[in-house]
Every structure is written in C-alpha cells, then in structure tokens.
Amino acid sequence: MKIGKIVMVIAIISIVTIVLSLTLDFGEADAEIKVPATELATEYLNNEDSANQKYLGKIIEVSGEVQSFEEGENPSVVLGSGSDLVRCIFKDNSTSFKVGQKVTISGNCSGYLLEVVLEDCKQIKE
Amino acid sequence: MNWMNKKHIFLLLILLPFATQAQRLMDRHGKVKFFSEAPLENIEADNSQALAALDLSNGNVAVTMLMKSFHFDKSLMEEHFNENYIESDKFPKATYKGVLKNFKKENLNSIQDSLKLSSQGELSLHGKTNKVSPDVVFYKNGNKLMAKTQFVIKIDDYDVKVPKMMIQNIAEEVLVTAIFSFETETN
C-alpha cells in the first residue's frame, strides 16, 4: 500500500514537471542586470574599464527611447539620448522599430564602440 | 535641460554630415574575418561590427573592434576564444592605427578599377602592440568606396598562448581579412 502511494506521488510530480517544462520556456536566459539605456551608456562614458568589469559578457536588460533603427542582415536599434547611447543588435532580420518608441531589450554586452554594444538581442514584451 | 540636449543633438545632426563628408569617411559595420588552418580543424570567425575611419586630409586610418563581436560557427570555439586565448574580458578591443602611404584624396575619387596603397601602423591585440604594414585595396561599388585588406599575423607575437595538447587544433598563423564600405556623396 505505502509503496504504491509513494510511486503515485513520484509519478504525479514527474508528470507535473514534464508538463511545466513543456509549457514554460526555460530556454531563454533571464537578464542578470536591468538598467535604463542612458544610465548604462553614462557609466561607460565615465569609466569604460569599470563598466566593462560590471557588464562585459553579461546579459543586460535595457530600456529606453529608440533614436534610430538600421535594417539589414543584423538589424540594430540605438536607444538612449544625446551621447548616451546603446546599440542593440538582433540576429532576427524581421526585427523592426520606430524612432521615438519606448522599448525594453535584453542582450549580451560586448563592450563600448561609439555606443555600448549589446548583441544577440531580444525585445522584452511588456 | 532636456530642451538644451535636444538643441545640441539637432545642431550635431546638422553639422555632422558636413564635418564627416569633408574630412573623414566612416564605416560602423566593417567586416573582419580571421581564418586559420590547423592540422585538425580550420578555425573561422566573423565580426561585422568593426569601426573604421579614414581621414581624407592625411590618409590616417583607425580601425577598432570588439573581441566579443567575433562569432564562430561552434559556440564552444567562441567560448574558448574569448576565455582562454584572447581573454576578451581583460582585453575587450583590438585596434589598428596607421597611415596610408602616398595617399591623395583625388586618387580615391578617380578610381577606375582599383587602387592599391600600402599602409604602415600598429596593431594592438590581447594587450600587445606590433608594427604591421598591410596593403589596402580601394575600389568602387556603386556609390560606395570599398577598402579591403588581407594580412597574416602570428599569434605568438600577440602573446596568445596555446596549451601543448591543443597545438594540433590551433595554427600559429592567422589570416585576417577586412572589408570596409564607405558612403561617398561625390561619385
């Protein structure tokens, strides 16, 4: 009797886990750091080395206003204002943004080259 | 404050094209590729986000790229490249600063087929800087001025260490190819 109950419980737990893993998407890595685009860019402008220690190679979620959008093989969107800019590069070439739109994007930080560069980006739907 | 910022951007947007057109050509999406042929496997990686600037007044060239923007077919290779060999956390950028010899702005405008110029400069990679002198070939592609260069670097010159057991996998010499595309108004 007891063994039967234990087997039942284990069976139910495994079924629930399988169903959950199928319905929930565990494939996408959560952003390690969430920061406004302008703040991220300011940190890089103030001290590139210390910003790199904090952000380089990490998945970062930035939010900000779209300054420009470039279509192409690897479309990229620039967020921020003034000289505080973050360039988010997408692999999916069907990506599209409008200037002035407020968006949240997560991507992998590659460093600073004219702008902070995030690669492998995904738009976060709110 | 916000209004001031906007005004500045506006001014910048108006002035920038004049400034860049007259003096400097820039490419934000330069393509840099490296290729190495080792006994066990070929290693190839692409970076399509290199930044290149050419000063038309004196032929000065500057190229900068982020090491983490190099992408490999195999993600494991990319990981090893970043973590074990190029140490991109410590040395996130590679740069080339140099000058084109016998550079004349007029010669670029009158390219028929192609124009080959030699350059002389310094390549910084993995915290080491060496003198290099790559040739650059300029040619037209529609309204665009293209610049292509190809040269070989020895990884030992840049202090990239390969463990003995990996010697069959990693070549000592790497072929670097770079192509830049500059927008030109005048044809």
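Looking at an unreviewed UniProt entry, one finds chain A named tRNA_anti-like and attributed to Fulvivirga sediminis.

Asks: How should I be thinking about a nonpolar patch on the surface in this particular structure?
Replies: The grouping of Met 8, Ile 12 and Val 16 of chain A at the surface amounts to a nonpolar patch, some 290 Å² of accessible area in total. Tracing the backbone shows Val 16 of chain A in helix 1 (residues 2–23).

Asks: Is there a simple way to think about the layout of surface pockets in this case?
Replies: In this approach the atoms are scanned with a rolling probe the size of a water molecule, which exposes any empty space left behind. As a volume, the second largest pocket reaches approximately 810 Å³. Along the walls of the second largest pocket sit 45 residues, with Phe 34, Phe 70, Ile 153, Val 174 and Val 176 of chain B positioned nearest its centre.

Asks: How should I be thinking about the interface of chain B and chain A in this particular structure?
Replies: Often the size quoted for an interface is simply the accessible area lost on bringing the parts together. Contacts between the two partners involve 17 residues from chain B and, on the opposite side, 19 residues from chain A. Carbon and sulfur atoms make up 58% of the area that chain B and chain A hide from each other, which totals about 1,400 Å². For chain B, the biggest contributors to the area lost against chain A are Arg 28, Leu 66 and Lys 68 of chain B; these three give 37% of the whole. Taken together, the connections running from chain B to chain A amount to 2 salt bridges. The shortest N-O distance in the salt bridge between Glu 48 of chain A and Lys 93 of chain B comes to 2.7 Å. Linking chain B with chain A are 7 residue pairs in polar contact (both at pLDDT 80 or more).

Asks: I would appreciate a short explanation of a negative patch on the surface in the present structure.
Replies: A surface patch of like charges, here negative, comprises Asp 156, Asp 157, Glu 172 and Glu 173 of chain B. Position of Asp 156 of chain B among the secondary structure elements: in the loop between strand 9 (144–154) and strand 10 (173–183).

Asks: I tried to follow the pairing of strand 6 (residues 115–123) of chain A on my own but got confused; where do I start?
Replies: Put simply, side chains in a regular strand alternate between the two faces of the sheet. Residue and element names in this part refer to chain A. In this sheet, strand 6 lies alongside strand 4 (residues 84–89) in parallel orientation, the contact comprising 3 bridges. By the bridge assignment, Val 86 is partnered in strand 6 with Val 116. Where strand 5 (residues 102–113) lies against strand 6, 7 bridges are found, and the strand directions are antiparallel. Paired with Asn 108 across the strands is Glu 119, a residue of strand 6. The turn joining strand 5 and strand 6, which pair antiparallel and follow one another in sequence, is formed by 1 residue; a positive phi near 70 degrees is taken by Leu 114.

Criteria and thresholds
Residues numbered from 1 in each chain as written. Chains lettered and ligands numbered in written order. Predicted model: local features only at pLDDT ≥ 70, side-chain atom pairs only at ≥ 80, totals over all residues. Heavy atoms only, no water. Patch = residues over 30% accessible without salt bridge, like charges linked within 9 Å, V, L, I, M, F, W, Y side chains within 5 Å. Areas by Shrake-Rupley, 256 points an atom, 1.4 Å probe, with all protein chains shown as cover. Salt bridge = Lys/Arg side-chain N within 4 Å of Asp/Glu carboxyl O. Helix = DSSP H or I, 4+ residues; strand = E, 2+ residues; numbered from the N terminus. 1 Å grid on protein atoms, 1.4 Å probe; cavity = no way out; pocket = protein on both sides within 12 Å on 5 of 7 lines; lining within 4 Å. Points joined across faces, edges and corners; volume = space filled by probe spheres on them. Contact = heavy atoms within 4.5 Å. Buried area = accessible area lost by both parts, 1.4 Å probe. Polar contact = N/O pair within 3.5 Å; in protein donor to acceptor, adjacent residues only side chain to side chain. Lys, Arg positive; Asp, Glu negative; His and termini not counted. Charge placed at Lys NZ, Arg CZ, Asp CG, Glu CD. Pairing = 2+ DSSP bridges.

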